[in-house]
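As a plain string of letters, each chain reads:
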Amino acid sequence: MKILRPISILMSCLMLTANAAAQISLTPPAADTPPAADKPAAKPKAKPPTVAKKPPAPAATAKPAPPVAAPVATVAPAPPPDDPNADLVYGAYQRGQYKTAFDLASKRAQDFSDPKAMTMLGELYANAMGVKRDYAKAADWYKRAADGGDREGMFALAMLRLGGRGGPVNREEAVKLLASSAKLGNPKAAYNLALLYLDGQTLPQDLKRAAELLRVAADAGNPEAQYALATFYKEGTGVPKDLDKAVRLLQAASLADNVDAEVEYAIALYNGTGTPKNEAAAVALLRKAAKQNSPIAQNRLARVLLSGQGATMDKVEALKWHIIAKTAGKGDPTLDEALATLSPEDRAKAQEGARIWLGNK
């Protein structure tokens, strides 16, 4: 079950504070200041749930966009550790034996009224695994699981209610389900509930409450929540401003492969902002994020390769990444001008490298 996408929602909500994807400027000494479009836009990727792969940072808008429920995705409910029969259900699911999982879960739901087996049946129906997709049946099983106290069932049903799948949109019920699931320690529920407090439409906007919920999810290891809370600490939104905490959260989220966090943590490392300066580590992280199709990372990597600070100067490679970022909408007139002096041969190499990269995406 996916959380609300952090790029589509987190980005729009965090416009309360600043541009969520490029809040620290990476300016190598040999390169000019980045274009104004990269600077923070005053004014809520705060995904969460979508973020994706990562689009260029949006411009600030007058009011945050409402959250959009993401498509139902697979997250298997954890089986009770002391029940070997339940483990058989989960094991079949993990191995992709969905029909077997369905049969075993059906028996457990019928014979033992097992809420986790009910959640499993909801997941199988919602994701067309071993059975034909049927959101109405998924919602029915999730409802039974939620009534039985299963936090994953509560969360899954909340997402269906937000998205209008298996029944009409019911935001009031979704909020209650998310709150109950979060109270039982579900970090995904806490994160999504935080987003609803951020957008100020389903619930009255409450940045302090949003921050509290993000902290619950972040402490449980949710990388989207860690990234969002880092932005809060960075801007002093709903919490006291604390750059050290922001950077630690960015580091944690980047270790969990959150691409937006990788970019911002790399920039912090490069500039020595809130953490000891480490250009080599920053460039390595920028390369990783660039290869994960982050246009901002691709742009910053091109600047570093052009300047030769923190990495060996390579203008051909710089132009390649510049072309790739520009194709994704991350233009940079400064790089256009700086790389215009390349020889026709070097330009051809860079263009070919970009063509191969874009063709293999």
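What counts and what doesn't
- Residues numbered from 1 in each chain as written.
- Predicted model: local features only at pLDDT ≥ 70, side-chain atom pairs only at ≥ 80, totals over all residues.
- Heavy atoms only, no water.
- Axes fitted to C-alpha atoms, helices over the stretch in contact; angles between N-to-C directions.
- Helix = DSSP H or I, 4+ residues; strand = E, 2+ residues; numbered from the N terminus.
- Parallel < 35°, antiparallel > 145°, perpendicular 65-115°, else oblique.
- Left-handed = near helix turned anticlockwise from the far one by under 90°.
- Contact = heavy atoms within 4.5 Å.
- Nonpolar A, V, L, I, M, F, W, Y, C, P; charged D, E, K, R; others polar.
- Core = buried A, V, L, I, M, F, W, Y, C linked by side-chain atoms within 4.5 Å.
- Buried < 20%, exposed > 50% of the residue type's maximum accessible area, 1.4 Å probe, protein only.
- Expected span 1.5 Å × (residues − 1).
- Arc of directions from axis to C-beta.
- Polar contact = N/O pair within 3.5 Å; in protein donor to acceptor, adjacent residues only side chain to side chain.
- pLDDT = per-residue confidence, 0-100.

(A) Region of interest: the packing of helix H4 (residues 115-126) against helix H5 (residues 135-147). Two elements in contact, H4 and H5, have axes separated by 8 Å at closest approach and are oriented at 165°. As the angle between them shows, H4 and H5 are arranged roughly antiparallel. Crossing geometry of H4 relative to H5 is assigned as left-handed. In contact with Pro115, Met118, Thr119, Leu121, Gly122, Glu123, Tyr125 and Ala126 of H4, H5 contributes Tyr135, Lys137, Ala138, Trp141, Tyr142, Arg144 and Ala145. Tallied by class, residues from the contact of H4 with H5 come to ten nonpolar, two polar and three charged.

(B) Focus on the nonpolar core. In terms of nonpolar packing, the biggest core is built from 96 residues, with Leu124, Leu178, Leu193, Leu214 and Phe232 touching the most fellow members. Contact partners of Leu214, with chain neighbours within four places excluded, come to Tyr191, Ala194, Ala225, Ala228, Leu229 and Phe232.

(C) Just helix H7 (residues 171-183), in detail. End to end, H7 covers 18 Å across 13 residues, agreeing with the expected 18 Å (1.5 Å per residue, within 8%). Looking at H7, one finds that the buried residues are Ala174, Val175, Leu177, Leu178, Ser181 and Ala182. Around the axis of H7, the buried residues are gathered within 165° of arc, so they sit on the same side. Across from the buried face of H7, at angles greater than 90 degrees, the exposed residues are Glu172, Lys176 and Lys183. The distance from a side-chain oxygen at the start of H7 to the backbone nitrogen of Glu172 is 3.4 Å, and the residue carrying that oxygen is Asn170. Backbone geometry just after H7 places Gly185 at a positive phi near 95°.

(D) Summary view of the confidence of the model for the protein chain. This prediction gives the protein chain a mean pLDDT of 82; 76% of its residues lie at or above 70. The lowest-confidence element of the protein chain is helix H1 (residues 6-13), averaging 44 in pLDDT; the highest-confidence one is H5, averaging 98. Per-residue pLDDT stays below 50 along residues 5-9; that stretch engages in 41 contacts with residues further than four places along the chain or on separate chains. Low pLDDT, under 50, characterises residues 11-25; the stretch is placed with 79 contacts to residues that sit more than four places away or in other chains.

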